[in-house]
Amino acid sequence: MTAADDTHVLLVRLAGPLQSWGITGRFTRRDTHGRPTKSGVIGLCAAALGLPREEPLGELAEVLFGVRADRPGTPLRDYQTVGGGRYPLRPRDLITDHQRAAKATPAPLPDPLQPGPFGREELTAWYGSPKYVTADPESGNLVSKEVRRHSLITERWYLADAAFLVGLEHPDQALLRRVAHALEHPKHLLWLGRKACPPSGDLALDVVPGPLKKAFETHALLPDAGGHEGEPQAGVARGRPWAWMEAPQPIPGVGPLSDQPVRFASDGGTHSLRWETRHRITIAAQARGWDIIL
């Protein structure tokens, strides 16, 4: 491990109306961690850099990760149903999607020569969700790859109105500056965990001397850390927020997190274990403030 004097930290602000950092959620229940995960943040940086999913992460995965909860946010549950019900079939739906046409029998194809309202034919209790789209091998038309007859109930969790200060520690200052530039000029759209969660305001704040704990102690709470009356939110006692900092080596007696990214891919990618410690951060009286867009 490089000496602390030779390392630097990229500070990143993660704030928005909603965030969601899943750890174990799959299928009908999508959870969120109480703070950003390393996998989620490294994925955010990789998207900003424009790295292909199958490309090795290299030095990007080697950074030490830390997060300071300036505004922990409020857990929010979103109840959703997907599919099911009655779906109005239009002639073009039946013409361009052979799966829908097959499922529509015995419902008749509307006769274009007969007068009547357009799009009134319905297929009871069936809905073909176009979430998974593929090209028909014969016509080349885009069609649904999966057909689901009944509705699926899902439970999705978010953090509402949260603000986190994330630190990425690495000895290569040039790498951190490339990531900082990419976060403000991203090659792909960026999300705070899910596509329903766009970030607000500035992301990359500064590259400062490390290590993580020093960087967190020498920078003031984010401007959006206060509550409606300007007071720190519950969980930030007397302006002393919690921070979680990655340890370079396993810690005896401390349970690991399975959010160390190894590879991102369409099948969900591969992750390994990492360890971290939790601290109350006492922010220095002369801590640097912020001049950022919220």
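This report concerns the structure included in the present document. Keep in mind that what you see is a predicted model, and the values were worked out from it rather than measured. (Residues numbered from 1 in each chain as written. Predicted model: local features only at pLDDT ≥ 70, side-chain atom pairs only at ≥ 80, totals over all residues. Heavy atoms only, no water.)

Check the secondary structure of the chain and you find 5 helices and 13 strands. Every one of the 294 residues in the chain was classed for burial, and the buried ones make up 39%. Excluding contacts between residues fewer than 6 apart, the proportion of contacts in the chain whose partners are at least 24 apart in sequence is 78%. By element, 54% of the accessible surface of the chain is carried by carbon and sulfur atoms, the whole surface being about 16300 Å². (Helix = DSSP H or I, 4+ residues; strand = E, 2+ residues; numbered from the N terminus. Buried < 20%, exposed > 50% of the residue type's maximum accessible area, 1.4 Å probe, protein only. Contact = heavy atoms within 4.5 Å. Areas by Shrake-Rupley, 256 points an atom, 1.4 Å probe, with all protein chains shown as cover.)

One pass over the structure, following the stated rule, counts 11 salt bridges. We note a salt bridge from R71 to D161, for which the minimum N-O separation is 2.8 Å. Placement of R71 in strand β3 (residues 64-71) and of D161 in strand β9 (residues 152-170) is noted, with a sequence separation of 90 residues between them. The residue D259 makes a salt bridge to R274 at a minimum N-O spacing of 2.6 Å. Of the two residues, D259 is situated in strand β12 (residues 257-263) and R274 in strand β13 (residues 270-280); the sequence distance between them amounts to 15 residues. Assessed through its relative accessible area of 3%, R274 is described here as buried. Among the charged side chains, a salt-bridge network with shared partners connects R35, D259, R274 and E276. (Salt bridge = Lys/Arg side-chain N within 4 Å of Asp/Glu carboxyl O.)

A few words now on the environment of G50. When you line up the elements, G50 lands in the loop between α1 (38-49) and β3. Separated by 138 residues in the primary sequence, G50 and H188 place their C-alpha atoms 6.3 Å from one another. With near-sequence residues (within four places) excluded, G50 lies in contact with K187 and H188.

Let us look at helix α4 (residues 173-184). Between its first and last C-alpha, α4 extends 17 Å over 12 residues, near the 16 Å set by a 1.5 Å rise per residue. Looking at α4, one finds that the buried residues are L175, L176, V179, A180, A182 and L183. Relative to the axis of α4, the buried residues are bounded by an arc of 165 degrees and lie together on one face. On its buried face, α4 sits against β1 (8-19), α1, β9 and β10 (204-209). (Expected span 1.5 Å × (residues − 1). Arc of directions from axis to C-beta.)

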